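One letter stands for each residue in the lines below.
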Amino acid sequence: MDTKEEQLVHVEEKTFEMPPRIGIAVTHFLIVADIDRSAHWYAKIFDGRIVKGGDTNGAPAVIQFANTWLLVNVGGGPTPDKPTIMLDLPNPDQFSSFMNIRVADIQACYELWKSRGAQFITAPIPKAREIRCYMRDPDGYIIEVGQSYDLTVGQ
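Residues numbered from 1 in each chain as written. Predicted model: local features only at pLDDT ≥ 70, side-chain atom pairs only at ≥ 80, totals over all residues. Heavy atoms only, no water.

Another point: the side chain of Asp137. Mapping Asp137 onto the fold places it in the loop between strand 8 (130–136) and strand 9 (142–148). Of the buried charged residues, Asp137 lacks a salt bridge, with Arg37 as the closest side chain of opposite charge at 6.7 Å. A distance of 2.7 Å separates a polar atom in the side chain of Asp137 from a polar atom in the side chain of Tyr42. Engagement of the side chain of Asp137 in a polar contact is seen with the backbone nitrogen of Asp139, the distance being 2.8 Å. Ignoring any residue separated from it by four or fewer positions in sequence, one finds Asp137 in contact with Leu30, Trp41, Tyr42 and Ile143. (Helix = DSSP H or I, 4+ residues; strand = E, 2+ residues; numbered from the N terminus. Buried < 20%, exposed > 50% of the residue type's maximum accessible area, 1.4 Å probe, protein only. Lys, Arg positive; Asp, Glu negative; His and termini not counted. Salt bridge = Lys/Arg side-chain N within 4 Å of Asp/Glu carboxyl O. Polar contact = N/O pair within 3.5 Å; in protein donor to acceptor, adjacent residues only side chain to side chain. Contact = heavy atoms within 4.5 Å.)

Listed below in structure tokens is the structure:
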């Protein structure tokens, strides 16, 4: 039987830059109603930092937390590089994607983030090989928070 230490996924500490000087950086982009409100919400809930504030001229805010870069910006109409695409706020009851955050201790994260103002749809609930719950950000996006067990990844 594996020991608790052997079951852990070990990740090397790295310094991530935005924009990257080498390699790639993956970001998640959200359309929001209020750039400052959303940037501060994500920084507060996830103990992140606002790397760059957005502006009314179209620049997004950049938030870094854990190993994630998040860009938040207002929506808009078609542009030359996306001539038929409209960016708009979500329908709070219909999503085709969402952020998924994996944690080591879901109950501790649930309590901490709730104390910081996160609005959860339910408390953590066991499901198959995980315990999970969902929260909503200020614009209604859902964020899954899950703690897996009996699952080894990255070895």
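It is generally the case that most residues other than glycine have a negative phi and that most peptide bonds are trans. With phi around 55 degrees, Asp47 is a residue other than glycine that occupies positive phi space. Take Asp47: it is sitting in the loop between helix 2 (35–45) and strand 2 (49–52). By relative accessible area, which is 60% here, Asp47 ends up exposed. One non-glycine residue, Ala128, lies in the positive phi region at around 55 degrees. On the secondary structure map, Ala128 appears in the loop between strand 7 (125–127) and strand 8.

Bringing the nonpolar core into the picture now. Of all hydrophobic cores here, the largest spans 29 residues; its most connected members are Tyr42, Phe46, Ile63, Val72, Trp113 and Met135. For this core, the leading source of residues is helix 2, giving six residues. Those residues in contact with Val72 that sit more than four places away from it in its chain are Leu30, Val32, Ile35, Ser38, Ala39, Pro60, Ala61 and Ile63. (Core = buried A, V, L, I, M, F, W, Y, C linked by side-chain atoms within 4.5 Å.)

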